[in-house]
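Summary of structural features
If you want the building blocks of each chain, they are given just below.
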Amino acid sequence: MQDGAHIKPLTALRFFAAFWVVLFHYWPKLDVGFTPAIATKGYLGVEAFFVLSGFILCHVYLSGFGEGRFRYGDFLWNRLARVYPLHLATLVGVGAMAFAGTMAGLNVDPNILSWKALPSNLLLVHAWGFAPVAGWNHASWSISAEWFAYLTFPAFAFAAWKLRARPVVAVLGALAFIAVIYPAFQALAGFPLTEATIQWGALRIVPCFAFGCALHALWRSDRFPTRLSGYGAALLGMATLGAVQFSAPDLVIVMLLGGLIFTLASLAKGGFEFAGQPVFVYLGEISYSTYMICIPWKILAINAAAKVFNIEGDKLPLLVWVAIVAALIPLSAISYHFIENPCRERMKTWAAGWKQRRLALAGAA
C-alpha cells in the first residue's frame, strides 16, 4: 500500500484547490469589470480539501484502526502538528498587522482583533459556533472544521471499516447524504452549507469527509479498472469545469470533485505519472501555507500597492494584481520551509522523546 504522500496526483490537486480559493478571494480586487464562474465558485476549493482529507486519512490510518493498531492520542498529536503551528503563526501575524495598522491610524476592521473570538481560535473550535465574529485569520475556520473531523475520525473509520467489503454501498450512501443535507441545511438556515464558516463550519466538513472515506473504500477495493482511470479523470475534469462554468448546484460540483479525486488516485495506482511531476507535487506540499497566508497577504499587499501606486479605491491594475497573486508561491515556500515543516517535525520529535521516556520508565519499573 502506498503512503498517503505518494498519491502524487492528489498532492498536486491540493495546490489547484488552494489556488481556486485564492481566486475566490482575490478576483474582486482585480479591475476588469467581470467575474468568471471559476472565481465565483472558488469557495468550493475548501470542499475539495475536505473530500481529500477523508480519502487520505483513511488511506493512512484505516488499516491500523481496523486491525487494532490505531492510537488515538498519537493520531491527534500528528494532526495537530500538521495544522496548528501555522495556524498560530498566521493568527499572531494578522494580530500584529492589525495592531500596527491601528497604531498608524489606519481603518482596521475591529473584528480582526476580536479578543472575545481569540480563545475559540486558539482552541481550534471557532468553526463550531463558539466564535462571536470571524476575527483574526478568517481562513483558519476550515482548520477548525478539520480539527472536528480529526476528533471524530474514529466514528468515520468505524463506518468505513464496516463497509470496506461493500464500497459501492458506502459511496452511494455518501452521495445520498450529500443530496439530502445540502438542501435541508439551506431550507433551515437560509444559506448554503457550502458558504458556512464560523457558525456551521464543523458541519460543513462532515458530508465531504464521509464522501472521501467512502471513495477510499471503493479505490481500495480495486473494482474500478485502472486502465479506464485516464478516461475517467479527463471526463470528470471536463464535467467539473462545465458544472462550474454553468453554475450547477454546489452539491453536484462536490460530487464531481469526489469523482475526480477517485480517478486521479486510480491513475496513481495504475502507475501513470499524470500530475506527478516534482513541481506539481511540491506546489501541493506547500498548498497549506498558500491557503493559510492568502488572506493576510491580500490585506497587506493590497494596502501597500494602493499606497505605492497611489491607487484610488480597492481595485488593482492587472499587472499589479498578477504580481501580488504570483508572490504567494515564494511566500508559501518560505512559510513551509521556515514555519510549517520545521514546527511539524519538532512536534513529532517531542512526541517520540516522550514515548521513549515512558518506555524507559516502564522498563525500569
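Small disclaimer: the values here were computed from a predicted structure and weren't measured. (Residues numbered from 1 in each chain as written. Predicted model: local features only at pLDDT ≥ 70, side-chain atom pairs only at ≥ 80, totals over all residues. Heavy atoms only, no water.)

As for the pattern of salt bridges
Scanning all chains against the criterion turns up six salt bridges. Residue Glu47 is joined to Arg204 by a salt bridge in which the shortest nitrogen-to-oxygen separation is 2.7 Å. Taken as a pair, Glu47 in helix H3 (residues 45-66) and Arg204 in helix H9 (residues 201-221) lie far apart in primary sequence, 157 residues in all. There is no split in this pair, since Glu47 and Arg204 are both buried. Within this structure, Arg82, Glu340 and Arg344 form a network of salt bridges that share partners. (Salt bridge = Lys/Arg side-chain N within 4 Å of Asp/Glu carboxyl O. Helix = DSSP H or I, 4+ residues; strand = E, 2+ residues; numbered from the N terminus. Buried < 20%, exposed > 50% of the residue type's maximum accessible area, 1.4 Å probe, protein only.)

What about the packing of aromatic side chains?
Counting across every chain of the model gives 27 aromatic pairs. Relative to Phe130, the ring of Trp128 has its centre 6.5 Å away and its plane inclined at 45 degrees; by these criteria the two rings are tilted. Given a relative accessible area of 27%, Trp128 falls into the partly exposed group. You can call Phe130 exposed: its relative accessible area is 55%. (Phe/Tyr/Trp six-rings, centres within 6.5 Å; stacked < 30°, edge-to-face > 60°.)

Some details on the environment of Pro342
Residue position: Pro342 is located in helix H15 (residues 328-364). Take Pro342: its relative accessible area is 34%, and that puts it in the partly exposed class. For the pair Pro342 and Asn121, spaced 221 residues apart in sequence, the C-alpha separation works out to 22 Å. If we ignore the near neighbours within four places in the chain, the residues touching Pro342 are Tyr336 and His337. (Contact = heavy atoms within 4.5 Å.)

A short note on a nonpolar patch on the surface
Taken together, the side chains of Leu88, Val92, Leu122 and Leu123 make up a nonpolar region of the molecular surface, amounting to roughly 340 Å² of accessible area. Its place among the elements puts Leu122 in helix H5 (residues 118-122). (Patch = residues over 30% accessible without salt bridge, like charges linked within 9 Å, V, L, I, M, F, W, Y side chains within 5 Å. Areas by Shrake-Rupley, 256 points an atom, 1.4 Å probe, with all protein chains shown as cover.)

Details of helix H7 (residues 153-162)
By the burial criterion, the buried members of H7 are Phe153, Phe156, Ala157, Ala160 and Trp161. The buried residues of H7 occupy an angular sector of 130 degrees when projected down its axis, which confines them to one face. Every exposed residue of H7 that faces more than 90 degrees away from the buried side is listed here: Ala155 and Lys162. On its buried face, H7 sits against H3, helix H4 (72-103), helix H6 (141-151) and H9. (Arc of directions from axis to C-beta.)

Describing the environment of Ser266
Within the fold, Ser266 resides in helix H11 (residues 250-269). Ser266 gets classed as buried once you look at its relative accessible area, which sits at 3%. The spatial distance from the C-alpha of Ser266 to the C-alpha of Thr226 is 5.7 Å, given a sequence separation of 40 residues.

Comments concerning the side chain of Arg82
Within the fold, Arg82 resides in helix H4. Filtering out sequence-adjacent residues up to four positions away, Arg82 remains in contact with Arg14, Tyr288, Glu340 and Arg344.

As for the side chain of Ser332
You can see Ser332 is positioned in helix H15. Polar contacts involving the side chain of Ser332 include one to the main-chain carbonyl oxygen of Leu328, which spans 2.5 Å. Residues within four places of Ser332 in sequence aside, it is in contact with Ile286, Ser289, Thr290 and Ile293. (Polar contact = N/O pair within 3.5 Å; in protein donor to acceptor, adjacent residues only side chain to side chain.)

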